[in-house]
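The lines below spell out each chain.
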Amino acid sequence: MDDNIRLSELQHDAIVELLNIGMGKAARSLSEIVHEEIKLSTPSLELVTRQMVANHLNTANITAVKQHFNGPFWGEAFLLFPPEKSLELVKVFIKDDVPQNMLAELEIDALTEVGNIILNACISSLANNLTHELTSELPVFMTGTATEVLEIKATITDEIVMFLRMNFTLQSTDIEGYVAFILEVPSIKQFKISIDEYLGKIGN
């Protein structure tokens, strides 16, 4: 692995804490909409290949909202669900007693809006804490295998990425999903610079 992307323990802990802050903000936003407590897991951070990320997801099919973000560092943010859980979230989000056959028609719009709320809360929190400007593209709804959603190309199977992940649960409805960020090598190097600047500020 390229030494330029290896993380010190201090850098690792700072990145995990920043994700924790961002997801805390996102969970509060979602909780206000669905009127339910959102339980968050401990964040995880790994430097792995995209194929290993797909293996982590460990499901044949997945529902996702994907959002590219750009700035001093850049990457992809994902809101991910098993397909059966995504429709359950649509029910909670819409609140109305919608017939089952209509849920699928509403799924794309509803989940894209949920993704927009959660991912933008995370990205804006990250930008604010690092005092950077990060811009986001419009979120995109996707379904398919983990390989399709992550757009893993057969010619690039050993490319290292930074994989940040945090699970969340709506406790009363047993809905689980997770948020993931993926940064490629050039972005990881820039992200490390931003993290070092952040650590320098909070250390003074």
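Keep in mind the model is a prediction, meaning the values are calculated, not measured.

Calculation rules
- Starting afresh in each chain, residues are numbered from 1 along the sequence in its written order.
- For a predicted model such as this one, the threshold for reporting local features is a pLDDT of at least 70, and the threshold for listing and counting side-chain atom pairs is 80 or more; totals across whole chains, interfaces and linings nevertheless cover every residue.
- To get the side-chain values, take all heavy atoms of the structure and skip hydrogens and water.
- Under the DSSP-based scheme used, a helix requires at least four consecutive residues in state H or I and a strand at least two consecutive residues in state E, with every element numbered from the N terminus.
- Categorising residues by exposure relies on relative accessible area from a 1.4 Å probe, with only protein chains included: less than 20% of the type maximum marks a residue as buried, more than 50% marks it as exposed, and the intermediate range marks it as partly exposed.
- Any two residues whose heavy atoms approach within 4.5 Å at even a single point are treated as in contact.
- Two rings from Phe, Tyr or Trp (for Trp, the six-membered ring) form a pair when their centres are within 6.5 Å of each other. A pair whose planes differ by under 30 degrees is stacked, one over 60 is edge-to-face, and the rest are tilted.
- Salt bridges are counted wherever a side-chain nitrogen of Lys or Arg sits within 4 Å of a carboxyl oxygen of Asp or Glu.
- N or O atoms closer than or at 3.5 Å make up a polar contact, with two conditions inside protein: a donor-capable atom paired with an acceptor-capable one, and, for residues adjacent in sequence, both atoms drawn from side chains.
- Definitions used throughout: a 1 Å grid over protein atoms alone; a cavity as a set of points that fits a 1.4 Å probe which cannot get out; a pocket as an open set with protein on both sides within 12 Å along at least five of seven lines; a lining residue as one with an atom within 4 Å of a point.
- Grid points are joined across faces, edges and corners, and a volume is the space filled by probe spheres set on the points.
- Residue polarity is assigned by list, with Asp, Glu, Lys and Arg as charged and Ala, Val, Leu, Ile, Met, Phe, Trp, Tyr, Cys and Pro as nonpolar; anything else, Gly included, falls into the polar class.

Attention now goes to the overall build of the protein chain. Scanning the protein chain from terminus to terminus reveals six helices and eight strands. Shown N-terminal to C-terminal, the secondary structure of the protein chain runs as helices and strands in the order α-β-β-α-β-β-α-α-β-β-α-β-β-α. Burial statistics for the protein chain: of 204 residues in total, 47% are counted as buried. Considering only residue pairs separated by 6 or more positions, the protein chain has 75% of its internal contacts joining residues 24 or more positions apart.

Time to look at the packing of aromatic side chains. Counted under the stated rule, the structure contains four aromatic pairs. Considering the side-chain rings of Phe-69 and Phe-73, the 6.3 Å spacing of their centres and the 80° angle between planes classify their relative orientation as edge-to-face. Here Phe-69 and Phe-73 have matching classes, each one buried. Ring plane angle 70° and centroid distance 5.9 Å describe the contact between Phe-69 and Phe-181, whose orientation is recorded as edge-to-face.

With that settled, the discussion passes to the pattern of salt bridges. Scanning all chains against the criterion turns up four salt bridges. Its salt-bridge partner being Glu-151, residue Lys-66 comes within 3.2 Å of it at the nearest N-O pair. Of this pair, Lys-66 sits in strand β3 (residues 62-70) while Glu-151 is found in the loop between α5 (146-149) and β7 (160-170), placing the two residues 85 residues apart along the sequence. Ionic contacts of the salt-bridge type, sharing partners, join the residues Arg-50, Lys-66, Glu-76, Glu-151 and Glu-184 into one network.

Inspection of the secondary structure puts Ser-194 in helix α6 (residues 185-203). Residue Ser-194 is classed as buried on the basis of its relative accessible area, which comes to 4%. A distance of 2.9 Å separates a polar atom in the side chain of Ser-194 from a polar atom in the side chain of His-132. Apart from residues lying up to four places away in sequence, Ser-194 is in contact with Pro-72, Phe-73, Leu-130 and His-132.

Turning next to unusual backbone geometry. Non-glycine residue Thr-131 carries a positive phi angle of around 50°. Thr-131 sits in the exposed class, given a relative accessible area of 52%.

This brings us to empty space enclosed by the protein. Applying the stated criterion to the full structure yields two cavities of 30 Å³ or more. There is about 110 Å³ of room inside the largest cavity. Taken together, Ile-15, Leu-18, Leu-19, Gly-22, Phe-69, Cys-122, Leu-126, Leu-164, Phe-181, Leu-183 and Phe-191 make up the lining of the largest cavity. Put simply, the parts of the chain that give the lining of the largest cavity at least two residues each are α1 (9-34), α4 (100-130) and β8 (175-184). Element by element, the count of residues in the lining of the largest cavity is highest for α1, at four residues. A per-class count over the lining of the largest cavity returns 10 nonpolar, one polar and no charged.

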